[in-house]
Amino acid sequence: MNARRAVAAARGSTKGTAALSIENHRLVGENVSFRPTPNVGGALAPRYLVLHYTAGRSLESSVESLCTQKPQGNASAHLVLGRDGRIVQLAPFNVVTWHAGVSQWSGLVGMNQYAVGVEMDNAGVMQQIGGQYTAWFGKVYPASEVLLAEHKHGGGVKPWHAYTEAQIARALELAELLVAHYGLEDVLGHEDIAPHRKTDPGPAFPLGAVKSRAIGRTDDALPRYVVISPSLNIRKGPDASFETVAPALRKNTELQMLEPGARWSRVEVIGATDIEGWVNNSFIVKAGG
Ligand SMILES: [Zn+2]
């Protein structure tokens, strides 16, 4: 199951677990715990949700770090989301936490003052050393936990730690809940509000799909494209070296844009149940244009 399908599946089922809810600015639900961090600021009236990866080793190590005061500067977040779907809340949603750093969005500066921050346990971008994928902290990950992709800000194809289905499903549930409860204006990545410094949550996270579902945009509101070449390969990554994910698309196939890029874009085939991948921009045009 790919990431987008995990999003769709999460939305379509309750899976027998009680839904998350918010009471007095605290998350309530199964596998949710609270551990207060001292790294907090003043009052917060949330307008945005900002998603991050921890670039860490584990849920526990990240929680520990975000609850520690450090001479070189303190960091925190409202929630930390584990790879098994567990959530640890570090501060109530009406209190500022320190996850965004120097950042801006839509005319606002310093997004900690406006945003709930959710950190997702993920090792981040890796290095490929001698056929092995190694995180910055030295742990080696199997190829099955790695996604090769180019970040939407460019920089070439790199190995990124994959998110789990449980994590993506919980992230979607959280995003929908927080947007509904606080009337949030948008769901953003740290990479969106600090594009020159940050790459999280990165290309392994289906931010576009989570965003569009959480803020209630219908798929019809997303830009549609059509294939203009007789046949067009749809691939696992933004480069002709990636394997195709399905038979070549035929001329006039309709596509929904998920993630536009400079040369390659991630799209979903409209009408198909689960075909999503990267296509070369030279062979698609905006529909109805
Ligand atoms: Zn971040």
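Residues numbered from 1 in each chain as written. Predicted model: local features only at pLDDT ≥ 70, side-chain atom pairs only at ≥ 80, totals over all residues. Heavy atoms only, no water.

1. Regarding the nonpolar core
- Counting 34 residues, the largest nonpolar core has L27, L49 and F205 as the members making the most contacts within it.
- Looking at this core element by element, the count peaks at nine residues for helix α3 (residues 165-182).
- In this view, L49 contacts V116, V118, A175, L178, L184, D186, V187 and L188; residues no more than four positions away in its chain are not counted. (Core = buried A, V, L, I, M, F, W, Y, C linked by side-chain atoms within 4.5 Å. Buried < 20%, exposed > 50% of the residue type's maximum accessible area, 1.4 Å probe, protein only. Helix = DSSP H or I, 4+ residues; strand = E, 2+ residues; numbered from the N terminus. Contact = heavy atoms within 4.5 Å.)

2. A few points about the coordination of the zinc ion
- At the metal site, the zinc ion is ligated by H52 (ND1), H190 (ND1) and D200 (OD), and these contacts range over 2.0 to 2.1 Å.
- If you list the donors of the zinc ion from N- to C-terminus, the spacing comes out as H-x137-H-x9-D. In this pair, H190 sits in helix α4 (residues 190-193) while D200 sits in the loop between α4 and α5 (207-214), placing the two residues 10 residues apart along the sequence. One exposure class covers both H190 and D200, and it is buried. (Donors = N, O, S within 2.8 Å, 3.2 Å for Na, K, Ca; no water.)

3. So, the layout of surface pockets
- Taken as a whole, the second largest pocket encloses approximately 610 Å³ of empty space.
- Contributing elements (two or more residues each) for the lining of the second largest pocket: β5 (48-53) and α2 (59-66).
- At four residues, the largest contribution of residues to the lining of the second largest pocket is made by α2.
- Looking at the lining of the second largest pocket residue by residue, the class counts come to seven nonpolar, 15 polar and five charged. (1 Å grid on protein atoms, 1.4 Å probe; cavity = no way out; pocket = protein on both sides within 12 Å on 5 of 7 lines; lining within 4 Å. Points joined across faces, edges and corners; volume = space filled by probe spheres on them. Nonpolar A, V, L, I, M, F, W, Y, C, P; charged D, E, K, R; others polar.)

4. Quick notes on the pattern of salt bridges
- Applying the stated rule across the entire model yields 12 salt bridges.
- The partner of R83 in a salt bridge is E145, and the shortest N-O contact between them spans 3.8 Å. You can see R83 sitting in the loop between β6 (79-81) and β7 (87-89) and its partner E145 sitting in the loop between β14 (140-141) and β15 (146-151), a full 62 residues away along the chain.
- For E145, a relative accessible area of 28% corresponds to the partly exposed category.
- Across the pair D186 and K211 runs a salt bridge, and its minimum N-O distance is 3.4 Å. With D186 in strand β17 (residues 186-189) and K211 in helix α5, this pair connects stretches of sequence that are 25 residues apart. (Salt bridge = Lys/Arg side-chain N within 4 Å of Asp/Glu carboxyl O.)

5. Considerations on the domain arrangement of the protein chain
- The domain architecture assigned to the protein chain consists of domain 1 (3-124 + 160-214) and domain 2 (220-286).
- Summarising the inter-unit geometry, the C-alpha centres of domain 1 and domain 2 are found 29 Å apart. (Domains from an automatic or database assignment.)

6. Re the environment of T54
- Looking at the secondary structure, you find T54 in the loop between β5 and α2.
- Measuring from C-alpha to C-alpha, the distance between T54 and G73 comes to 16 Å, with 19 residues separating the pair along the chain.
- Discounting residues that sit within four places of it in the chain, T54 has contacts with S62, V80, E119, M120, D121 and N122.
- At 3.1 Å, the side chain of T54 forms a polar contact with the backbone nitrogen of G56.
- A polar atom in the side chain of T54 sits 3.2 Å from the backbone nitrogen of N122. (Polar contact = N/O pair within 3.5 Å; in protein donor to acceptor, adjacent residues only side chain to side chain.)

7. Some details on the pairing of strand β18 (residues 224-227)
- Relative to strand β21 (residues 254-259), β18 runs antiparallel, the two being bridged by three bridges. Note on β21: the bridge partner recorded for V226 is E254.
- For β18 and strand β24 (residues 284-286), the ladder comprises three bridges, and the chain directions are antiparallel. What sits directly across from V227, in β24, is I284. (Pairing = 2+ DSSP bridges.)

8. Structural notes on the sheet that holds strand β23 (residues 276-280)
- Strand order in the open sheet made by the five strands is β23-β22-β21-β18-β24, with antiparallel pairing throughout. Each of the sheet's edge strands pairs with one partner strand only, and the pair in question is β23 and β24. When the angles between neighbouring strand axes are averaged without regard to direction, this sheet yields 45°. (Axes fitted to C-alpha atoms, helices over the stretch in contact; angles between N-to-C directions.)

9. Things to note about the packing of α3 against α5
- Packing of α3 against α5 brings their axes to within 9 Å, and their N-to-C directions diverge by 35°. Considering only the axes of α3 and α5, their crossing is right-handed. Packed against α3, whose contacting residues are L172, A175, E176 and V179, the element α5 presents V210, R213 and A214 at the interface.
- Taken together, the residues of the contact of α3 with α5 sort by class into five nonpolar, no polar and two charged. (Left-handed = near helix turned anticlockwise from the far one by under 90°.)

10. Brief notes about unusual backbone geometry
- Note that the residue after D200, namely P201, is joined by a cis bond; omega there is 10°.
- If you trace the backbone, P201 turns up in the loop between α4 and α5.
- The phi dihedral of N24 is positive, around 50°, even though this residue is not glycine.
- The exposed category is assigned to N24, whose relative accessible area is 70%.
- Of note, S106 is a non-glycine position whose phi angle comes to about 55°, a positive value.

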